[in-house]
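Reading the structure
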Amino acid sequence: MRYLSTRGGMAPQTFSQILLGGLADDGGLVVPESYPRIDAATLASWRGLDYRGLAFEILRRYADDLGDDALRSLVDRTYTADVFGTADITPLVELEPGLHLLQLSNGPTLAFKDLAMQLLGNLFEHVLARTGRQLNIVGATSGDTGSAAEYAMRGKAGVRVFMLSPHGRMSAFQRAQMYTLDEPNIFNIAVLGVFDDCQDMVKALAGDLVFKNRWSIGAVNSINWARVVAQVVYYFKAWLAVTGGDGSPVSFAVPSGNFGNVLAGHIARSMGLPVSRLVVATNENDVLDEFFRTGRYRTRSAAQTHQTSSPSMDISKASNFERFVFDLVGRDATRVAELWQALERGGEFDLSGSEAFGRLAGFGMVSGRSTHADRLATIRSIHAAHGRLVDPHTADGLKVASAYREPGVPMICLETALPVKFAETIHEALGVEPAVPGRFREMTGRAQHFTLMPADAAQLKQYIAGHCRSAS
Ligand SMILES: *Cc1c(COP(=O)(O)O)cnc(C)c1O
């Protein structure tokens with residue numbers, strides 16, 4: 001498998017070559033030259049596989065230069081009952097006939113990001129050991145990415161993590177989870193700004209090729225291709241779990257921010273998985289919903305980004321969206337480069353009325369938005385009807401999904417975090433706090449470690465240079 005840039009300016013590379021980075025050097029995102037097709041017979045033959053077997057089959061089609069033995073051992077070490085709570089890894093529960101919850105949040109940090117990040121930690125260690133390299137990961141998080149990355153990379157040889165988070169904008173649980181880590185290779189940086197400011201600082205670094213090479217800077221944010229592809233696995237797993245012997249379709253509802261999770265659904269569908277609808281659920285930060293309804297993609301400034309009760313979706317520039325648009329415009333890299341130039345210049349592009357936008361229905365993507373009131377109402381109604389607590393992001397997904405159910409097509413809602421991470425909102429909805437799992441109880445009292453920093457890329461560079469060894 002070879003990888004290209006969505007903007008056409010990168011010579012083809014292997015999986016190992018793109019693993020440690022995020023962006024292509026031309027500013028685009030790396031994408032596979034094609035999606036491997038899984039025919040009905042192959043899909044049927046996967047029915048007996050457990051999560052690891054399925055992960056191996058899917059990943060080997062994208063990471064074909066690692067070697068099957070190495071990949072199998074990495075996958076086997078990653079997806080264990082020890083790390084993810086059950087041998088099933090992503091158990092599925094039926095809320096009512098035709099409505100399912102895919103539990104993706106039983107990993108170490110109680111959000112779905114662990115599923116990809118734990119694999120990434122092991123992949124990084126493997127590739128770094130093989131090449132004798134060091135890697136300094138610089139990332140931006142609005143909450144869940146950061147903790148997932150830190151718990152995946154803690155103690156890994158050759159890796160340091162510099163994680164930027166918006167100061168004062170994460171939940172108390174998220175803060176405690178990240179900042180109480182006291183590891184020599186983990187650095188928490190609390191930025192005086194919003195998530196998009198953090199992301200812009202990371203992008204400024206990634207765009208400085210001299211700095212990037214000198215300090216071996218890599219990324220683990222949601223543009224990392226390995227993360228996206230690791231997420232493809234549970235779409236297949238869920239389809240196999242819900243359907244019988246035939247090739248009947250299901251739909252997925254995905255609480256979305258940076259568009260990484262639902263992009264994985266798009267890739268699964270493009271590989272041949274029978275998927276009717278991919279429901280993109282946003283919160284009040286609805287740039288994606290606006291695009292899917294109107295064809296107009298209008299990013300917002302940091303000041304226009306709402307701070308909501310589903311904070312991991314408080315995103316106004318969806319960093320993975322370019323990969324979907326690349327497919328939507330028929331993989332025309334010149335067109336993508338033009339669209340993103342327009343976006344840089346004027347903060348928007350408009351595909352309404354275009355031939356590309358006319359093709360949207362063929363991709364199964366539909367969307368909706370959910371508000372704070374919707375979130376609370378959904379948390380209450382799911383609790384009343386099914387005795388189950390769902391977190392605010394999952395509630396957004398369930399709310400939007402309700403508009404898109406079709407007779408005879410199971411709707412699978414992705415549970416992207418556990419409610420205990422967002423206890424304030426659960427309390428507001430139900431008047432009770434979710435129980436804190438034992439392993440997290442003593443965490444809240446411990447000292448927190450972080451460095452405050454203005455939203456200034458130059459200061460970030462200085463800090464990184466001061467805390468690691470140069471690669472040259
Ligand atoms: C990251 C995250 C999302 C959004 O996922 P994307 O891949 O960025 O679209 C939704 N819910 C939770 C709980 C998250 O942590």
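In case you missed it, the structure is sitting above this.
In this report, we go over the structure that sits alongside the text. (Residues numbered from 1 in each chain as written. Predicted model: local features only at pLDDT ≥ 70, side-chain atom pairs only at ≥ 80, totals over all residues. Heavy atoms only, no water.)

1. A closer look at the site of the ligand
Contacts to the ligand come from 15 residues, most closely from Lys113, Asp144, Gly257, Asn258 and Asn261. Within the side chain of lysine 113, a nitrogen or oxygen atom sits 2.5 Å from an oxygen atom of the ligand. The separation between an oxygen atom of the ligand and a polar main-chain atom of asparagine 261 is 2.9 Å. Here the ligand has 380 Å² of accessible area as a free molecule, and 97% of this is covered by the chains. The residue makeup of the shell around the ligand, split by class, is 5 nonpolar, 8 polar and 2 charged. (Near = heavy atom within 4 Å. Polar contact = N/O pair within 3.5 Å; in protein donor to acceptor, adjacent residues only side chain to side chain. Areas by Shrake-Rupley, 256 points an atom, 1.4 Å probe, with all protein chains shown as cover. Nonpolar A, V, L, I, M, F, W, Y, C, P; charged D, E, K, R; others polar.)

2. Notes on the sheet that holds strand S9 (residues 250-255)
Read from one edge to the other, the open sheet built from 6 strands follows the order S3-S4-S14-S9-S10-S13, with strand pairing classed as mixed. Both edges of this open sheet fall to strand S3 (92-96) and strand S13 (365-369), since each of them pairs with a single strand only. For this sheet, the mean inter-axis angle between neighbouring strands, taken without regard to orientation, is 25°. Across 3 bridges, the pairing between S9 and strand S14 (residues 411-415) is parallel. Bridged to phenylalanine 252 within S14 is isoleucine 412. Here helix H12 (residues 260-270) sits on the sheet in contact with S9, strand S10 (275-282), S13 and S14, set at roughly 170° to S10. (Pairing = 2+ DSSP bridges. Helix = DSSP H or I, 4+ residues; strand = E, 2+ residues; numbered from the N terminus. Axes fitted to C-alpha atoms, helices over the stretch in contact; angles between N-to-C directions. Contact = heavy atoms within 4.5 Å.)

3. Here we look at the environment of alanine 429
Locating alanine 429 in the fold gives a position in helix H19 (residues 423-430). Between the C-alpha atoms of alanine 429 and isoleucine 379, which are 50 residues apart in sequence, the distance is 6.7 Å. If we ignore the near neighbours within four places in the chain, the residues touching alanine 429 are Leu376, Ile379 and Arg380.

4. Some thoughts on the packing of aromatic side chains
The final tally for this structure, using the stated rule, is 29 aromatic pairs. For the pair phenylalanine 291 and phenylalanine 292, a centre-to-centre distance of 5.3 Å together with 80° between the ring planes defines the contact as edge-to-face. Given a relative accessible area of 8%, phenylalanine 292 falls into the buried group. Members of the aromatic cluster, connected to one another through ring pairs, are Phe259, Phe291, Phe292, Tyr297, Phe321, Phe324, Trp340, Phe349, Phe357 and Phe363. Geometry around phenylalanine 56 places arginine 72 over its ring, the cationic atom sitting 3.9 Å from the centre. Over the ring of phenylalanine 211 we find lysine 461; its NZ or CZ atom is 5.8 Å from the centre of that ring. (Phe/Tyr/Trp six-rings, centres within 6.5 Å; stacked < 30°, edge-to-face > 60°. Buried < 20%, exposed > 50% of the residue type's maximum accessible area, 1.4 Å probe, protein only. Lys NZ or Arg CZ within 6 Å of the ring centre and 35° of its normal.)

These results come straight from atomic positions and should not be treated as a statement about function.
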